[in-house]
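For reference, the chains in residue letters:
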Amino acid sequence: RGWGRPGAMARYGTEQRGRPNSPDYRLYFKNADGKYISPFHDIPLFAASKEDKEIPAKRAKTTGSEVLYNMIVEVPRWTNAKMEIATEEPLNPIKQDIKKGKLRYVANIFPHKGYIWNYGALPQTWEDPNHKDKTTGCCGDNDPIDVCEIGSKVRSSGEIVQVKVLGVLALVDEGETDWKIIAISVDDPEAHKIHGKPFLAYIDDVKKHKPGYLEATVDWFRLYKVPDDKPENRFAFNGEIKDKDFAVEVIKSTHEHWKALLHKKADRGAINCTNVLVSGSPFCCSEEDARSIVQSVWVF
(Lines give C-alpha, C1' and ligand atoms only; values in the text may rest on other atoms or scores of the structure.)
Protein backbone atom coordinates (compact mmCIF):
# COMPACT_ATOMS: atom_id res chain seq x y z
CA ARG A 1 0.00 0.00 0.00
CA GLY A 2 1.20 3.53 -0.61
CA TRP A 3 -0.19 6.97 0.12
CA GLY A 4 2.55 9.03 -1.46
CA ARG A 5 3.76 12.55 -0.90
CA PRO A 6 1.75 15.70 -0.10
CA GLY A 7 -0.31 17.04 -2.97
CA ALA A 8 -2.39 15.09 -5.46
CA MET A 9 -1.04 11.69 -4.47
CA ALA A 10 -1.96 12.31 -0.83
CA ARG A 11 -5.60 12.06 -1.91
CA TYR A 12 -5.08 8.63 -3.47
CA GLY A 13 -3.51 5.35 -2.43
CA THR A 14 -2.72 2.08 -4.15
CA GLU A 15 -3.11 -1.53 -3.11
CA GLN A 16 -1.12 -4.32 -4.71
CA ARG A 17 -2.64 -7.68 -5.59
CA GLY A 18 -0.69 -10.56 -7.08
CA ARG A 19 3.04 -10.89 -7.57
CA PRO A 20 5.06 -8.13 -9.30
CA ASN A 21 6.50 -9.07 -12.70
CA SER A 22 3.82 -11.71 -13.18
CA PRO A 23 0.60 -11.92 -15.22
CA ASP A 24 -1.54 -11.79 -12.07
CA TYR A 25 -0.11 -8.50 -10.73
CA ARG A 26 -2.67 -5.72 -10.24
CA LEU A 27 -2.39 -2.28 -8.66
CA TYR A 28 -5.77 -1.00 -7.42
CA PHE A 29 -6.58 2.55 -6.38
CA LYS A 30 -8.23 4.08 -3.31
CA ASN A 31 -9.27 7.64 -2.59
CA ALA A 32 -8.63 9.54 0.64
CA ASP A 33 -11.83 8.10 2.15
CA GLY A 34 -10.47 4.58 1.66
CA LYS A 35 -12.94 3.75 -1.11
CA TYR A 36 -11.73 1.58 -3.96
CA ILE A 37 -12.06 3.55 -7.20
CA SER A 38 -11.29 3.34 -10.90
CA PRO A 39 -8.31 5.51 -11.91
CA PHE A 40 -9.70 5.62 -15.45
CA HIS A 41 -13.15 6.92 -14.46
CA ASP A 42 -13.14 8.22 -10.87
CA ILE A 43 -10.02 10.40 -10.75
CA PRO A 44 -10.93 13.82 -12.19
CA LEU A 45 -9.27 14.98 -15.39
CA PHE A 46 -8.75 18.43 -13.91
CA ALA A 47 -6.60 18.90 -10.82
CA ALA A 48 -9.06 20.48 -8.38
CA SER A 49 -8.83 21.61 -4.78
CA LYS A 50 -10.80 18.51 -3.79
CA GLU A 51 -12.47 15.57 -5.50
CA ASP A 52 -15.32 16.83 -7.59
CA LYS A 53 -17.96 14.39 -8.76
CA GLU A 54 -19.20 16.76 -11.43
CA ILE A 55 -18.15 16.24 -15.05
CA PRO A 56 -16.03 18.18 -15.77
CA ALA A 57 -14.69 19.34 -12.42
CA LYS A 58 -16.05 22.81 -11.67
CA ARG A 59 -12.92 24.10 -9.99
CA ALA A 60 -9.78 23.32 -11.94
CA LYS A 61 -6.58 24.19 -10.13
CA THR A 62 -4.43 26.71 -11.94
CA THR A 63 -0.96 28.14 -11.67
CA GLY A 64 -1.17 31.61 -13.10
CA SER A 65 -3.28 31.13 -16.22
CA GLU A 66 -2.42 27.42 -16.46
CA VAL A 67 -5.09 24.76 -16.08
CA LEU A 68 -3.57 21.71 -14.41
CA TYR A 69 -4.46 18.09 -15.15
CA ASN A 70 -4.16 14.87 -13.17
CA MET A 71 -1.82 12.32 -14.70
CA ILE A 72 -1.84 8.66 -13.69
CA VAL A 73 1.73 7.33 -13.84
CA GLU A 74 1.80 3.84 -15.34
CA VAL A 75 5.50 3.47 -16.19
CA PRO A 76 8.29 5.18 -14.21
CA ARG A 77 11.07 6.80 -16.23
CA TRP A 78 13.98 4.52 -17.22
CA THR A 79 12.01 1.30 -16.64
CA ASN A 80 11.06 -1.26 -19.32
CA ALA A 81 7.93 -3.11 -18.16
CA LYS A 82 4.90 -2.08 -20.22
CA MET A 83 2.50 -1.26 -17.39
CA GLU A 84 -0.94 0.05 -18.30
CA ILE A 85 -4.44 0.73 -17.05
CA ALA A 86 -6.50 -2.43 -17.56
CA THR A 87 -9.38 -0.82 -19.44
CA GLU A 88 -11.32 -4.08 -19.80
CA GLU A 89 -11.28 -5.06 -16.10
CA PRO A 90 -13.56 -3.84 -13.28
CA LEU A 91 -12.09 -0.78 -11.53
CA ASN A 92 -9.31 -0.67 -14.15
CA PRO A 93 -6.21 -1.52 -12.07
CA ILE A 94 -2.72 -1.09 -13.48
CA LYS A 95 -1.27 -4.34 -14.84
CA GLN A 96 1.58 -5.42 -17.10
CA ASP A 97 0.58 -5.87 -20.72
CA ILE A 98 0.73 -9.39 -22.15
CA LYS A 99 1.19 -10.35 -25.78
CA LYS A 100 1.24 -13.93 -27.08
CA GLY A 101 1.24 -15.18 -23.51
CA LYS A 102 4.34 -13.22 -22.49
CA LEU A 103 4.78 -10.14 -20.34
CA ARG A 104 5.68 -7.13 -22.47
CA TYR A 105 8.82 -5.06 -22.05
CA VAL A 106 10.09 -2.29 -24.30
CA ALA A 107 13.60 -2.68 -25.64
CA ASN A 108 16.38 -0.23 -24.84
CA ILE A 109 16.67 2.13 -27.81
CA PHE A 110 20.24 3.40 -27.95
CA PRO A 111 21.27 5.57 -26.14
CA HIS A 112 18.22 5.33 -23.87
CA LYS A 113 17.21 2.99 -21.05
CA GLY A 114 13.54 1.99 -21.17
CA TYR A 115 10.93 4.75 -21.28
CA ILE A 116 12.59 8.16 -21.44
CA TRP A 117 9.85 10.00 -19.49
CA ASN A 118 7.38 9.12 -16.78
CA TYR A 119 4.68 7.60 -18.94
CA GLY A 120 0.99 7.38 -18.14
CA ALA A 121 -2.47 8.61 -19.00
CA LEU A 122 -5.01 11.35 -18.38
CA PRO A 123 -8.08 10.04 -16.51
CA GLN A 124 -11.57 10.65 -17.86
CA THR A 125 -10.37 10.69 -21.48
CA TRP A 126 -10.99 8.11 -24.18
CA GLU A 127 -9.79 7.83 -27.78
CA ASP A 128 -12.97 6.53 -29.41
CA PRO A 129 -12.17 3.76 -31.94
CA ASN A 130 -15.35 4.63 -33.85
CA HIS A 131 -14.54 8.33 -34.21
CA LYS A 132 -12.34 9.45 -37.10
CA ASP A 133 -10.20 12.40 -36.10
CA LYS A 134 -10.56 15.22 -38.59
CA THR A 135 -6.88 16.20 -38.33
CA THR A 136 -5.28 12.74 -38.60
CA GLY A 137 -7.93 10.93 -40.64
CA CYS A 138 -7.68 7.92 -38.27
CA CYS A 139 -9.89 6.58 -35.50
CA GLY A 140 -8.84 6.44 -31.85
CA ASP A 141 -6.95 3.58 -30.19
CA ASN A 142 -9.61 2.74 -27.56
CA ASP A 143 -7.49 3.91 -24.59
CA PRO A 144 -7.20 6.93 -22.32
CA ILE A 145 -4.94 9.58 -23.84
CA ASP A 146 -1.22 8.96 -23.15
CA VAL A 147 1.10 11.39 -21.36
CA CYS A 148 4.89 11.78 -21.47
CA GLU A 149 5.90 13.70 -18.34
CA ILE A 150 9.30 15.25 -19.00
CA GLY A 151 10.23 16.38 -15.51
CA SER A 152 13.47 15.42 -13.80
CA LYS A 153 11.96 13.26 -11.04
CA VAL A 154 11.47 9.51 -11.43
CA ARG A 155 7.87 8.82 -10.42
CA SER A 156 6.24 5.62 -9.15
CA SER A 157 3.67 3.45 -10.88
CA GLY A 158 0.25 4.45 -9.56
CA GLU A 159 1.33 7.96 -8.56
CA ILE A 160 -1.05 10.81 -9.40
CA VAL A 161 0.87 13.85 -10.64
CA GLN A 162 -0.50 17.31 -11.36
CA VAL A 163 0.85 18.42 -14.73
CA LYS A 164 0.70 21.32 -17.10
CA VAL A 165 0.33 20.49 -20.75
CA LEU A 166 2.99 21.66 -23.20
CA GLY A 167 2.17 20.02 -26.54
CA VAL A 168 1.14 16.84 -28.31
CA LEU A 169 2.58 14.31 -30.76
CA ALA A 170 0.25 12.37 -33.08
CA LEU A 171 1.48 8.79 -33.44
CA VAL A 172 -0.35 6.72 -36.04
CA ASP A 173 -0.11 3.16 -34.71
CA GLU A 174 -1.41 0.43 -37.02
CA GLY A 175 -3.88 2.86 -38.56
CA GLU A 176 -5.11 4.31 -35.25
CA THR A 177 -4.55 7.77 -33.80
CA ASP A 178 -2.50 7.45 -30.60
CA TRP A 179 -2.00 10.92 -29.13
CA LYS A 180 1.01 11.52 -26.88
CA ILE A 181 0.57 14.54 -24.62
CA ILE A 182 3.84 16.25 -23.64
CA ALA A 183 3.57 17.61 -20.10
CA ILE A 184 5.60 18.51 -17.03
CA SER A 185 4.78 18.10 -13.36
CA VAL A 186 3.91 21.43 -11.81
CA ASP A 187 6.28 20.70 -8.89
CA ASP A 188 9.27 19.99 -11.12
CA PRO A 189 12.22 22.34 -10.54
CA GLU A 190 12.18 23.37 -14.21
CA ALA A 191 8.42 23.75 -14.60
CA HIS A 192 8.49 27.50 -14.04
CA LYS A 193 10.93 27.92 -16.95
CA ILE A 194 8.49 26.41 -19.43
CA HIS A 195 5.60 28.82 -19.61
CA GLY A 196 5.36 30.19 -23.12
CA LYS A 197 5.47 33.89 -24.00
CA PRO A 198 3.91 36.09 -26.63
CA PHE A 199 5.08 34.74 -29.99
CA LEU A 200 6.98 31.92 -28.25
CA ALA A 201 5.36 28.50 -27.91
CA TYR A 202 5.63 26.25 -24.86
CA ILE A 203 7.36 23.72 -27.09
CA ASP A 204 10.00 26.35 -27.90
CA ASP A 205 10.65 26.70 -24.17
CA VAL A 206 11.13 22.93 -23.94
CA LYS A 207 13.63 23.06 -26.79
CA LYS A 208 15.51 25.83 -25.02
CA HIS A 209 15.67 24.31 -21.54
CA LYS A 210 15.74 20.61 -22.48
CA PRO A 211 17.61 20.56 -25.79
CA GLY A 212 17.26 17.34 -27.76
CA TYR A 213 14.48 15.91 -25.58
CA LEU A 214 11.64 16.41 -28.06
CA GLU A 215 13.71 15.05 -30.94
CA ALA A 216 14.58 12.02 -28.80
CA THR A 217 10.87 11.57 -28.02
CA VAL A 218 9.96 11.41 -31.71
CA ASP A 219 12.84 9.01 -32.41
CA TRP A 220 11.84 6.79 -29.49
CA PHE A 221 8.26 6.41 -30.67
CA ARG A 222 9.41 5.88 -34.24
CA LEU A 223 11.79 3.05 -33.33
CA TYR A 224 10.57 1.33 -30.16
CA LYS A 225 8.79 -1.53 -31.96
CA VAL A 226 11.61 -2.24 -34.42
CA PRO A 227 13.42 -4.66 -32.05
CA ASP A 228 10.18 -6.71 -32.07
CA ASP A 229 10.49 -7.13 -35.86
CA LYS A 230 7.87 -4.47 -36.60
CA PRO A 231 8.23 -1.55 -39.01
CA GLU A 232 8.97 1.97 -37.82
CA ASN A 233 5.97 3.88 -36.52
CA ARG A 234 4.49 6.75 -38.50
CA PHE A 235 3.20 10.12 -37.38
CA ALA A 236 0.63 12.64 -38.47
CA PHE A 237 1.93 16.14 -39.28
CA ASN A 238 5.31 14.64 -40.30
CA GLY A 239 6.21 14.11 -36.66
CA GLU A 240 5.74 17.75 -35.70
CA ILE A 241 4.89 18.23 -32.02
CA LYS A 242 1.89 20.53 -31.91
CA ASP A 243 1.75 23.24 -29.26
CA LYS A 244 -0.28 23.54 -26.07
CA ASP A 245 -3.46 25.03 -27.59
CA PHE A 246 -3.72 22.13 -30.05
CA ALA A 247 -3.08 19.65 -27.23
CA VAL A 248 -5.80 21.17 -25.04
CA GLU A 249 -8.34 20.79 -27.86
CA VAL A 250 -7.38 17.13 -28.22
CA ILE A 251 -7.87 16.63 -24.48
CA LYS A 252 -11.27 18.34 -24.59
CA SER A 253 -12.37 16.09 -27.43
CA THR A 254 -11.27 12.87 -25.71
CA HIS A 255 -12.93 14.03 -22.49
CA GLU A 256 -16.23 14.45 -24.36
CA HIS A 257 -15.84 10.96 -25.83
CA TRP A 258 -15.27 9.60 -22.31
CA LYS A 259 -18.43 11.30 -21.05
CA ALA A 260 -20.39 9.66 -23.86
CA LEU A 261 -18.83 6.32 -22.94
CA LEU A 262 -19.82 6.58 -19.26
CA HIS A 263 -23.40 7.52 -20.11
CA LYS A 264 -24.06 4.82 -22.74
CA LYS A 265 -23.94 7.26 -25.63
CA ALA A 266 -21.03 5.47 -27.32
CA ASP A 267 -20.24 1.86 -28.18
CA ARG A 268 -17.97 0.75 -25.34
CA GLY A 269 -17.07 -2.63 -26.80
CA ALA A 270 -14.96 -4.44 -24.19
CA ILE A 271 -14.21 -1.31 -22.11
CA ASN A 272 -15.22 -1.76 -18.47
CA CYS A 273 -16.98 1.35 -17.19
CA THR A 274 -17.53 0.29 -13.57
CA ASN A 275 -17.02 3.34 -11.37
CA VAL A 276 -17.83 4.57 -7.87
CA LEU A 277 -18.04 8.35 -8.15
CA VAL A 278 -19.28 9.42 -11.60
CA SER A 279 -22.58 11.19 -11.03
CA GLY A 280 -25.44 9.93 -13.19
CA SER A 281 -23.48 7.08 -14.77
CA PRO A 282 -25.44 3.83 -15.18
CA PHE A 283 -22.19 1.97 -14.49
CA CYS A 284 -21.79 3.40 -10.99
CA CYS A 285 -21.45 0.72 -8.31
CA SER A 286 -21.58 0.77 -4.52
CA GLU A 287 -18.58 1.02 -2.22
CA GLU A 288 -19.32 -2.55 -1.10
CA ASP A 289 -19.39 -3.85 -4.69
CA ALA A 290 -16.07 -2.16 -5.40
CA ARG A 291 -14.52 -3.74 -2.31
CA SER A 292 -15.79 -7.15 -3.41
CA ILE A 293 -14.18 -6.71 -6.84
CA VAL A 294 -10.76 -6.08 -5.30
CA GLN A 295 -11.04 -8.72 -2.60
CA SER A 296 -11.89 -11.36 -5.18
CA VAL A 297 -8.42 -10.93 -6.69
CA TRP A 298 -5.64 -13.16 -5.38
CA VAL A 299 -3.20 -11.59 -2.92
CA PHE A 300 0.49 -12.54 -2.98
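Nothing here was measured: the structure is a model prediction, and the numbers come from that model.

Where do I start with the overall build of the protein in this structure?
Tallying secondary structure elements over the protein gives four helices and 17 strands in all. Sorting the 300 residues of the protein into buried and exposed places 55% on the buried side. For the protein, contacts bridging at least 24 residues in sequence account for 64% of all contacts bridging at least 6. Element-wise, carbon and sulfur atoms account for 50% of the exposed surface of the protein, whose accessible area totals about 13,300 Å².

Sorry if this is basic, but what is going on with the nonpolar core here?
Burial of nonpolar side chains together is a common tendency in soluble globular proteins. Within the largest apolar cluster, 58 residues are counted, with the highest numbers of intra-cluster contacts made by W117, I150, W220 and F221. With six residues, the single largest contributor to this core is helix α2 (residues 213-223). With residues near it in sequence (within four places) discarded, I150 still touches W117, L166, I182, A183, I184, V206, K210 and Y213. Of all hydrophobic cores here, the second largest spans 23 residues; its members include L45, L122, V172 and V250.

Explanation requested: empty space enclosed by the protein in the structure shown.
With a probe scaled to a water molecule rolled over the atoms, the places where space remains empty come into view. Under the counting rule described, the total for this entry stands at two cavities of 30 Å³ or more. Looking at the second largest cavity, its volume works out to about 40 Å³. Around the second largest cavity, the lining residues are K82, R104, Y105, V106, Y224 and D228. Tallied by class, residues from the lining of the second largest cavity come to three nonpolar, no polar and three charged.

Thresholds applied
- Residue positions are counted from 1 within each chain, in the order its sequence is given.
- The model is predicted, so local features are restricted to residues of pLDDT at least 70 and side-chain atom pairs to those at 80 or more, both for listing and for counting; the totals for chains, interfaces and linings are taken over all residues.
- Excluded from the side-chain calculations are hydrogens and water; all other atoms, namely the structure's heavy atoms, are used.
- Strands are runs of DSSP state E lasting at least two residues, helices are runs of H or I lasting at least four, and both sets are numbered from the N terminus onward.
- Think of it in three bands: residues with accessible area under 20% of the maximum for their type are buried, residues over 50% are exposed, and the middle band is partly exposed, with areas taken using a 1.4 Å probe on protein chains only.
- Residues are treated as being in contact if the distance between any of their heavy atoms lies within 4.5 Å.
- Each accessible area value is a Shrake-Rupley result obtained with a 1.4 Å probe; residue values ignore everything except the protein chains displayed when judging cover.
- As used here, the term nonpolar core means buried Ala, Val, Leu, Ile, Met, Phe, Trp, Tyr and Cys residues forming a set that is joined through side-chain atoms within 4.5 Å.
- Cavity means a closed set of points on a 1 Å grid over the protein atoms alone, one where a 1.4 Å probe fits but cannot get out, pocket means an open set with protein on both sides within 12 Å along at least 5 of 7 lines, and lining means a residue has an atom within 4 Å of a point.
- Grid points are joined across faces, edges and corners, and a volume is the space filled by probe spheres set on the points.
- Following the grouping adopted for this structure description, the nonpolar residues are Ala, Val, Leu, Ile, Met, Phe, Trp, Tyr, Cys and Pro, the charged ones are Asp, Glu, Lys and Arg, and the polar ones are all others, Gly among them.

Everything listed here is a matter of geometry and, on its own, says nothing about what the molecule does.
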